[in-house]
Amino acid sequence: MSTTRKHTALPKAEILIEALPWLTRHNGKIVVIKFGGNAMIDEELKAAFAQDVVFLRQAGLKPVVVHGGGPQINAQLDRHGLVSEFKAGLRVTTPEAMDVVRMVLAGQVQRELVGLLNQHGPLAVGMTGEDAHTITATQHFPQIDGESVDIGRVGEITAIDTGAIEALLENGRIPVVSSIARSAEDNHVYNVNADTAAAALAAALGAETLMVLTDVEGLYEDWPNSDEVISRLTAAELEKLLPELSSGMVPKMEGCLHAVRNGVNTARVIDGRVAHSILLEIFTNDGIGTMVVPDQPNDEPNGTEGGRS
């Protein structure tokens, strides 16, 4: 082997070796990934996301993908002449709008993602929260100025049944879940916030980690005065920060809090605008984004949380 080849090959070997402790720790563990933001729209980021998820699966992890589809829903509602209206940060969802939401999530966004994953083998299976009663919901009435407001077919999760997802994982597949659910009370289908759905599934599955893709670098220490990202914080520290967060970050960080308070070892908010951000977060010493850990982490040696030392 020439000196040049040795020189160029060595950094690749070092990268692989750096990943070894994380590969060992995560082997056989479930990782729930919420797919959203720019990564859903940009073709290169979409392809890189699919590669990352397949890499996790081939490396012995068990990825589960949960997605929403805000931009695609807005575009389709426009085409149907339906107005996008938001109250308390949530989409007002009429029965007509719900038909569009369901069609876009299950028939467009999910299909595309399943197709990208399956370019690498017979791996991904698409499903919605309706399938096998995976997610059951009831109508959500947000509080605005102390009063309950009816915003239509927006759901609050009441139950999770992980049976179908666990069967797919056991079979070596990658479940891709659209965040819609049926109600046991009125049999209507409801639109469920995808961050909330991902967190609920992560907790119910006993996942090792929850990863939420966003369009920011992570949770900022003192936004807008500083762009310093908090790299690690406990559930209690996050709870104190929640009232100060921007409305878009609230469901993401509430989801992270729910996950680590309900058995998930770590929850991370990562920048989906960076190609291969999932691999950088799970398999490198530095990690990117913000990691939330339980208040009393397990008694483990330093550096075993994956992505941080």
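## Things to note about the confidence of the model for the protein
Per-residue pLDDT for the protein averages 89, and the proportion of residues at 70 or more is 92%. In this model residues 299-304 is a low-confidence stretch, pLDDT under 50, and it forms six contacts with partners more than four residues away in sequence or in other chains.

## Overview of the packing of aromatic side chains
Applying the stated criterion to the full structure yields two aromatic pairs. Look at Phe35 and Phe49: their rings are 4.1 Å apart centre to centre, the planes differ by 25°, and that puts the pair in the stacked class. Taken together, the residues span a long stretch of sequence, with Phe35 in strand β1 (residues 30-35) and Phe49 in helix α2 (residues 43-58) at a distance of 14 residues. Each member of the pair Phe35 and Phe49 is classed as buried.

## Focus on a negative patch on the surface
Residues Glu217, Glu221, Asp227 and Glu228 make up a contiguous surface patch of negative charge. Mapped onto the elements of the fold, Glu228 is located in the loop between β13 (209-214) and β14 (232-234).

## Brief notes about the sheet that holds β14
The sheet built from eight strands is open, its strands ordered β5-β10-β2-β1-β13-β15-β16-β14 with mixed pairing. Unpaired on one side and paired on the other, β5 (124-128) and β14 mark the two borders of the sheet. Direction aside, neighbouring strands of the sheet carry axes that sit 20° apart on average. Sheet topology places β1 next to β13; four bridges connect them, and they run parallel.

## So, the nonpolar core
Judged by nonpolar contacts, the single largest core of 42 residues is most densely connected at Ile33, Phe49 and Leu117. For this core, the secondary-structure elements that each account for two or more residues are α1 (3-26), β1, α2, α3 (70-79), α4 (95-117), β10 (174-178), β13 and α9 (277-283). Sort the elements by how many residues they give to this core and α4 lands first, with eleven residues. Apart from residues lying up to four places away in sequence, Phe49 is in contact with Ile33, Phe35, Val65, Leu113, Leu213 and Ile278. With 40 residues, the next largest nonpolar core counts Val192, Val260, Val264 and Ala267 among its residues.

## Quick look at the packing of helix α6 (residues 194-205) against helix α8 (residues 250-261)
Here α6 crosses α8 at 10°, and the two axes come no closer than 8 Å. Our classification of the angle between α6 and α8 gives roughly parallel. Residues Asp195, Ala199, Ala200 and Ala203 of α6 form the contact with α8, whose own contacting residues are Pro251, Lys252, Gly255 and His258. When its residues are assigned to classes, the contact of α6 with α8 shows four nonpolar, two polar and two charged.

Rules used in this analysis
Residues numbered from 1 in each chain as written. Predicted model: local features only at pLDDT ≥ 70, side-chain atom pairs only at ≥ 80, totals over all residues. Heavy atoms only, no water. pLDDT = per-residue confidence, 0-100. Contact = heavy atoms within 4.5 Å. Phe/Tyr/Trp six-rings, centres within 6.5 Å; stacked < 30°, edge-to-face > 60°. Helix = DSSP H or I, 4+ residues; strand = E, 2+ residues; numbered from the N terminus. Buried < 20%, exposed > 50% of the residue type's maximum accessible area, 1.4 Å probe, protein only. Patch = residues over 30% accessible without salt bridge, like charges linked within 9 Å, V, L, I, M, F, W, Y side chains within 5 Å. Areas by Shrake-Rupley, 256 points an atom, 1.4 Å probe, with all protein chains shown as cover. Salt bridge = Lys/Arg side-chain N within 4 Å of Asp/Glu carboxyl O. Lys, Arg positive; Asp, Glu negative; His and termini not counted. Charge placed at Lys NZ, Arg CZ, Asp CG, Glu CD. Pairing = 2+ DSSP bridges. Axes fitted to C-alpha atoms, helices over the stretch in contact; angles between N-to-C directions. Core = buried A, V, L, I, M, F, W, Y, C linked by side-chain atoms within 4.5 Å. Parallel < 35°, antiparallel > 145°, perpendicular 65-115°, else oblique. Nonpolar A, V, L, I, M, F, W, Y, C, P; charged D, E, K, R; others polar.

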